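Understanding the architecture of this molecule
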Amino acid sequence: MPRAFCTSGGSGGGRASAHSGKMLGMPQPALGANQPKGFAMLTYYNHLHSDHEGKVEMFRGALVPCFEVPARVDRVLAELKKRKLGTVLPPNPFDDSALLGVHSQRYLDFLRDAWDDWVALDPANAKRDALPSVWPVRTLRSDVLPANFAARMGLFSMDAGSPLTDGTWDAARAGADCALSAALAVAGGKRAAFALTRPPGHHAGADFFGGYCFLNNAALAAQALREQGLERVAILDIDYHHGNGTQAIFYERADVYYTSIHGDPSTEFPFYLGYADELGAGAGLGFNRNWPLPRGSGFEVWHATLQQALQGIAEFGAQALVVSLGLDTFVGDPIAGFTLQTRDFLQVGADLARAGLPTVFVFEGGYAVADVGVNAVNVLEGFERG
Ligand code: OKP
Ligand code: ZN
């Protein structure tokens, strides 16, 4: 197996290594066959997204209502239809094996069964979200798989802010199908495609959930583009929060470049990753670039930073781009700290178009529900016009 395909690996336990051949579970052949071509945006909409609806998340010692709600995606879909921006399609179905280029088998097994296992602990749990409360931090073992479900929740998670519910697997799984469908459309000749899905993905690692994320949609899209034959794929993460999961998945790889503009992790979630000195490791050294900005930063500095991130992508020689499209950089976002305005998102889309790359957009954060539709579609419209 060529070095470039080796992945950074999780904490043991059957982490799948990405293979250089065709992706299992991918329809073959995909390149150029039966794929819609052309200019107008193609949106793959996760029709199962509202199956995932958490009630509460742990925040400062209290259980508070979830910020990551179904209305977020409903708003984007309504705005897309209102502005008639391209075509909206359901995703194509992929086998679970299509996830193994990014996620470990034992994590997928955990996630698929998690709700049933939670309810088996106590039938009363059927009315409650599942949240972890114990974690294997330094000195504790993460190589053993405990039989106790609460212990497994902690093993496969990074926070208590990401409720797992009855419909989480089905929603996340259909979201992965959206990301894979969008990647195949772009590999087949579309200029751009949009995976409109929730829960989001960029905090999810090879073998853990957290930050509202369960399956890493952007990583799945990038890996699918690689397996469709594009040799160098860039991921640009413009969510307010650093995409720790995506960075970790590709950290030791030279074939997928990850770059992110985000709130300084010293004060902002996910706190433990996303600093400027994280440049990649091993074969991946030089293929990771973070642009943390202080809480309170506005569009002028953000926009100048975007030009630097795009410069890095150009120097890398990317053949395709995956954009982790978070809209929580908006001034009105309730859980983030930048001050971008609605009109700025049109400019962002135009800047992304100037990169001149086939582009997969993957919906991530954005919690100002009343504004998230207009802000997201402004990026897409700015891109289409640019
Ligand atoms: C997910 B994505 C607020 C706590 C915030 C985690 C934030 C996850 C953001 N009560 N907890 O990057 O938009
Ligand atoms: Zn975010």
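Given the structure is predicted, the values throughout are model-derived calculations rather than measurements. Going along each chain's sequence as written, the residues are numbered from 1 onward. Just so you know, chain letters begin at A and ligand numbers begin at 1, following the order they were written in. The predicted origin of the model limits local features to residues at a pLDDT of at least 70 and limits the giving and counting of side-chain atom pairs to 80 or more, whereas totals for whole chains, interfaces and linings rest on all residues.

**Notes on helix α4 (residues 168–187)**
Just so we agree on the cut-off: The helix count covers DSSP runs of H or I at least four residues long, the strand count covers runs of E at least two residues long, and both are numbered beginning at the N terminus. A helix is expected to span 1.5 Å for every residue after the first. To sort residues by exposure, count the other C-beta atoms lying within 10 Å of each residue's C-beta; 20 or more gives buried, 12 or fewer gives exposed, and values between give partly exposed, all with C-beta atoms placed from the backbone.
Taking 1.5 Å of rise per residue, 20 residues should cover 28 Å, and α4 covers 28 Å from first to last C-alpha, within 8% of that figure. Here α4 lies mainly inside the structure; 19 of its 20 residues are buried. One or two residues past the end of α4 sits Gly-189, with phi positive at roughly 125°.

**Digging into unusual backbone geometry**
Both trends apply: most residues other than glycine have a negative phi, and most peptide bonds are in trans. In the segment running from Arg-198 into Pro-199, the intervening peptide bond is cis, with an omega of -5°. You can see Pro-199 is positioned in the loop between β5 (192–196) and α5 (217–227). Going from Phe-269 to Pro-270, the amide bond is cis rather than trans, its omega being 10°. Looking at where Pro-270 falls in the secondary structure, it is placed in the loop between β7 (256–263) and β8 (288–293). For Thr-139, which is not glycine, the phi torsion reads 85° and is therefore positive. Relative to the elements of secondary structure, Thr-139 occurs in the loop between α2 (105–121) and α3 (149–155). Backbone geometry places Phe-271, a non-glycine residue, at a positive phi of 60°. Tracing the chain through its elements places Phe-271 in the loop between β7 and β8.

**Side note on the packing of helix α1 (residues 71–82) against helix α9 (residues 369–385)**
Our working rule: Between N-to-C directions, angles span 0 to 180 degrees; the directions come from axes that are lines fitted to C-alpha atoms, helices contributing only their stretch in contact. Oblique is the label for any angle not under 35 degrees, not over 145, and not in the 65 to 115 range, which are roughly parallel, roughly antiparallel and roughly perpendicular in turn. Two helices that cross are described as forming a left-handed crossing if the nearer one is turned anticlockwise from the farther one by less than a right angle, and a right-handed crossing if clockwise. Any pair of residues counts as being in contact when their C-beta atoms, constructed from backbone geometry, are within 7 Å of one another. Gly falls in the polar group here, along with every residue not listed as nonpolar (Ala, Val, Leu, Ile, Met, Phe, Trp, Tyr, Cys, Pro) or charged (Asp, Glu, Lys, Arg).
In contact at an axis separation of 8 Å, α1 and α9 are set at 45° when each is read in the N-to-C sense. Comparing the axis directions of α1 and α9 gives the class oblique. Here α1 and α9 pass one another in a crossing that is right-handed. Contact with α1, carried on its side by Ala-71, Arg-72, Arg-75, Val-76, Ala-78, Glu-79 and Leu-80, involves Val-369, Val-372, Gly-373, Val-374, Ala-376 and Val-377 of α9 and no other residues of that element. Each residue belonging to the contact of α1 with α9 can be placed in one class, and the counts come to nine nonpolar, one polar and three charged.

**Observations concerning α5**
In terms of residue burial, α5 counts as a mostly covered element, since 11 of its 11 residues are buried. Among the residues of α5, those classed as buried are Asn-217, Ala-218, Ala-219, Leu-220, Ala-221, Ala-222, Gln-223, Ala-224, Leu-225, Arg-226 and Glu-227.

**Brief notes about the sheet that holds strand β1 (residues 42–45)**
Basically, it comes down to this: Whether two strands pair depends on DSSP finding at least two bridges between them.
With respect to topology, eight strands assemble into an open sheet ordered β4-β1-β5-β10-β9-β6-β7-β8, the strand pairing being parallel. Of all the strands in the sheet, the pair left with one neighbour each is β4 (87–89) and β8. The average undirected angle you get between the axes of adjacent strands in this sheet is 15°. Here β7 pairs with β8 via six bridges, running parallel. Following the sheet pairing, Thr-259 is matched in β8 by Arg-289. Against the sheet, α1 makes contact with β1, β4, β5 and β10 (359–363), and its axis sits at roughly 145° relative to β5, the strand it touches most.

**Examining the pairing of β7**
The line we're drawing: For crossovers, right-handed means that the path from the first strand over the helix to the second runs clockwise, given strands pointing away from the viewer.
Of all the eight residues making up β7, eight are buried; the element is thus mostly covered by neighbouring parts of the structure. Examined bridge by bridge, strand β6 (residues 233–237) and β7 share five bridges and lie parallel to one another. Paired with Ala-234 across the strands is Tyr-257, a residue of β7. In the classification by handedness, the crossover that spans β6, the intervening helix α6 (residues 244–250) and the parallel β7 is right-handed.

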